Amino acid sequence: MLVAMVIEGSPLFELSQLRADGEIKHGLTAAFLTDPDHANILARIIADDKRRYVSVYAMTDDHHYLSEPVSALEIDDEVIFLGTGKVLSGETESLLLFKRDQALIVNLRTGEQSELIRFKSLYMHPVPDQLPSFNWVRDINGDELADVMVPDFDGYWLYLQIEAGVFDQGRLIKMPAIMEVSYRNFPWYRPANPYFADINLDKLQDIVFWDRDELKVFFQDSRFTYRTTVASYQPAIELQDEGLTGLSLRLGGADDQSNVEAKSLYNFTDLNGDGFVDIVTLSVRSSSVLNKTSRYEIYMGYELDGKVSHPSLPESVIESNGIQFEMDEQDFNNDGAVDFVISSVEIGLGKILAALITGSISTDLRFYRMQGDRYPAKPNVTREVTADFSLSSGEVFYPTVMIADINGDRIMDLVVQDGNEGLKVFAGELNDDLFARRPTEFAVEMPNNPDLISATDLNRDGKTDIMIRYEERDTELHRSINVLMAR
């Protein structure tokens, strides 16, 4: 097999180019399947004859990948999802395939598939020409063994791992799937979104769901199992819905946008590492179609009567004119507290006219650093990123922006796509600017879709590496993968 091309003398990355024998669908998956210190890259391939494959790539040394896959597994028609997880003894992970009613574990050397567990599922059939992944495998009860949590119409079937490769009989965590109705009045179902937090402060992770107007909790007991009876927790916070989807449905369903406000549960996580889960909400107030204000509110958790509680008023408010997009949570300076980066864009007639004239629109990246369990009302740092769009096709090109530790100093760096030509990396700094003014540049052909770029540490050296796949419109690269290994 051939070793992929390496850019000599690069100050940032060494590059390997991987070849694929078909169209690469979905994101790339990194998993330590054959070596606990060097990740395999899994690419889901749709061949010209529509058959589905998983191509598995491996490293040849600490910084380079073989250009050809070490194995290519054909996936049969009944497989709905692909997954990975540590479900056997040893330090490596396993490749898992999920069908309608069973999970299979794959032996990469022989291709043999054996049953891991049987279950009930919300999902009945695979989607043609697709092989999505699903995060059903994780250590839910904190016993350092990966468990499986499968959504069904009645809730989630939870299978706890007793010992390596052995699971219990499963129990139903009853939280029925949510039914939505499409614009043509077709019903469709999605599972409720689980959160994981210690609600009764016994140092055991509980399972929490948002259900209409309250949080519902399934407590873990001292035997690392979960009660199937539900307890309610009503925070002193008025909420209308959950997540960006719920917020969009409420605003989009209003014919009159002159006086509309919606507030949604955005996240439920411990932001400052004090052991008490915190609540983040997102609100959007619309005075007109072109006049909107969005606001994140942060409610810090505390102990009350032996359980976690939250105040009725937020400790921190992050507000801007226009629309604030999804919040990225990172610890910029490695102090143990979660910091935020939020992209926002103002909507107004002047902005629209300027965009029509220039073919671009400016988006602000706003960085908020936690200090004393609070976030500032104004960002610590603001950087501007330009999104381009085509008036003829209506397509928008939004450059990739990542917060990642590229150089391994445990301080987050800012990575910004430089058109189709490469990446700019602004090194993280322990000062008020957060990032260096001048970037280090790396030349590599970039795709037109930021969703095709992902980042993770592939060789466990504490530095973030970057994986890039391409679409058919990205010329001859659409059947290849570029892997950028941080030096």
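In what follows, the structure referred to is the one given above.
Residues numbered from 1 in each chain as written. Predicted model: local features only at pLDDT ≥ 70, side-chain atom pairs only at ≥ 80, totals over all residues. Heavy atoms only, no water.

(A) Just the overall build of the chain, in detail. A tally of regular secondary structure across the chain gives 2 helices and 42 strands. Carbon and sulfur atoms make up 48% of the accessible area of the chain, which amounts to about 23,200 Å² in all. (Helix = DSSP H or I, 4+ residues; strand = E, 2+ residues; numbered from the N terminus. Areas by Shrake-Rupley, 256 points an atom, 1.4 Å probe, with all protein chains shown as cover.)

(B) Geometry of the sheet that holds strand 9 (residues 94–98). Read across the open sheet, the 4 strands follow the order 8-9-10-11; overall the sheet is antiparallel. Taken across any chain shown, the strands that pair with only one partner, and hence form the sheet edges, are strand 8 (81–85) and strand 11 (113–118). Each adjacent strand pair in this sheet contributes to an overall mean axis angle of 30°, direction not counted. Bridge analysis of strand 8 against strand 9 gives 5 bridges, and the strand direction is antiparallel. By the bridge assignment, Leu 82 is partnered in strand 9 with Leu 97. (Pairing = 2+ DSSP bridges. Axes fitted to C-alpha atoms, helices over the stretch in contact; angles between N-to-C directions.)

(C) The pairing of strand 42 (residues 480–486), seen in detail. Across the 7 residues that make up strand 42, a large majority, 7, are buried. Where burial is concerned, the two faces of strand 42 agree: the one with Ser 480, Asn 482, Leu 484 and Ala 486 and the one with Ile 481, Val 483 and Met 485 are both buried. When strand 1 (residues 13–19) meets strand 42, the two strands line up antiparallel, connected through 7 bridges. Within the sheet, the bridge partner assigned to Arg 19 lies in strand 42 and is Ser 480. In this sheet, strand 42 lies alongside strand 41 (residues 465–469) in antiparallel orientation, the contact comprising 4 bridges. Bridge pairing links Ile 466 to Leu 484 in strand 42. (Buried < 20%, exposed > 50% of the residue type's maximum accessible area, 1.4 Å probe, protein only.)

(D) Representation of the sheet that holds strand 20 (residues 194–197). Pairing is antiparallel in the open sheet, where 4 strands are placed in the order 20-21-22-23. Each edge of the open sheet is held by one strand with a lone partner, namely strand 20 and strand 23 (231–233). With direction set aside, neighbouring strand axes in the sheet form an average angle of 35°.

(E) Looking closely at the side chain of Ser 121. Within the fold, Ser 121 resides in the loop between strand 11 and strand 12 (137–138). Separated by 2.9 Å, the side chain of Ser 121 and the backbone nitrogen of Tyr 123 make a polar contact. With residues up to four places along the chain from it excluded, the contact list for Ser 121 reads Arg 100, Trp 136, Val 150, Pro 151, Asp 152 and Phe 153. (Polar contact = N/O pair within 3.5 Å; in protein donor to acceptor, adjacent residues only side chain to side chain. Contact = heavy atoms within 4.5 Å.)

(F) Up close: the environment of Ser 309. With respect to the helices, strands and loops of the structure, Ser 309 is situated in strand 29 (residues 307–309). Separated by 31 residues in the primary sequence, Ser 309 and Asp 278 have C-alpha atoms spaced 8.9 Å apart.

(G) View of the pattern of salt bridges. Summed over all chains, the structure comprises 20 salt bridges. Asp 76 is the partner of Lys 99 in a salt bridge, and the nearest nitrogen-oxygen pair spans 3.3 Å. In this pair, Lys 99 sits in the loop between strand 9 and strand 10 (102–106) while Asp 76 sits in the loop between strand 7 (71–75) and strand 8, placing the two residues 23 residues apart along the sequence. On the basis of relative accessibility, which here comes to 11%, the residue Lys 99 falls in the buried class. A residue is classified by how much of its surface remains accessible, and Asp 76, at 30% relative accessible area, is partly exposed. (Salt bridge = Lys/Arg side-chain N within 4 Å of Asp/Glu carboxyl O.)

(H) Region of the structure containing the nonpolar core. The biggest cluster of nonpolar side chains holds 21 residues, and the ones touching the most others in it are Val 87, Phe 98, Ile 117, Phe 119, Trp 136 and Val 148. The set of elements that each furnish at least two residues to this core consists of strand 9, strand 10, strand 11, strand 13 (147–152) and strand 14 (155–159). Aside from chain neighbours lying at most four places away, what touches Val 87 is Ser 94, Leu 96, Ile 105, Leu 116, Val 137, Ala 146, Gln 161, Ala 164, Gly 165 and Phe 167. Counting residues in each nonpolar core, the second largest holds 19 residues, with Leu 423, Val 425, Val 444 and Leu 484 among its members. (Core = buried A, V, L, I, M, F, W, Y, C linked by side-chain atoms within 4.5 Å.)

(I) Representation of the packing of aromatic side chains. Within this structure, the stated rule accounts for 19 aromatic pairs. Ring geometry for Phe 13 and Phe 442: centres 5.2 Å apart, planes at 75°, overall edge-to-face. One end of the pair, Phe 13, is in strand 1; the other, Phe 442, is in strand 39 (residues 440–443), and 429 residues separate them in sequence. With 5.0 Å between their ring centres and 85° between their planes, Phe 81 and Tyr 123 make a pair best called edge-to-face. With Phe 81 in strand 8 and Tyr 123 in the loop between strand 11 and strand 12, the pair connects residues that are 42 residues apart, well separated along the chain. In terms of burial, Phe 81 and Tyr 123 fall into one category: buried. (Phe/Tyr/Trp six-rings, centres within 6.5 Å; stacked < 30°, edge-to-face > 60°.)

(J) Main features of unusual backbone geometry. Notably, Glu 144 is not glycine yet its phi reads approximately 70°, a positive angle. By the element assignment, Glu 144 lies in the loop between strand 12 and strand 13. In the Ramachandran plot, Leu 201 falls in the positive-phi region, its phi being about 55° despite a non-glycine side chain. Looking at the element boundaries, Leu 201 is found in the loop between strand 20 and strand 21 (206–211).

(K) Region of interest: the side chain of Arg 383. Along the chain, Arg 383 falls in strand 34 (residues 381–389). No salt bridge is formed by the buried Arg 383; its nearest oppositely charged neighbour, Asp 433, is found at 6.8 Å. In terms of polar contacts, Arg 383 uses its side chain to reach the backbone carbonyl oxygen of Phe 435, at 3.4 Å. When sequence neighbours within four positions are dropped, the list of residues in contact with Arg 383 reads Thr 363, Asp 364, Leu 365, Phe 367, Leu 414, Phe 426, Phe 435, Ala 436 and Arg 437. (Lys, Arg positive; Asp, Glu negative; His and termini not counted.)

(L) Geometry of the environment of Thr 475. One can find Thr 475 in the loop between strand 41 and strand 42. The sequence separation of Thr 475 and Pro 447 amounts to 28 residues, and the corresponding C-alpha distance is 9.6 Å.

(M) Spatial organisation of a nonpolar patch on the surface. A cluster of nonpolar residues, Met 124, Phe 153, Met 179, Val 181 and Tyr 189, forms a patch on the protein surface that exposes about 450 Å² of accessible area. In this structure, Val 181 sits in strand 18 (residues 178–181). (Patch = residues over 30% accessible without salt bridge, like charges linked within 9 Å, V, L, I, M, F, W, Y side chains within 5 Å.)

The values are spatial; any link to function lies outside them.
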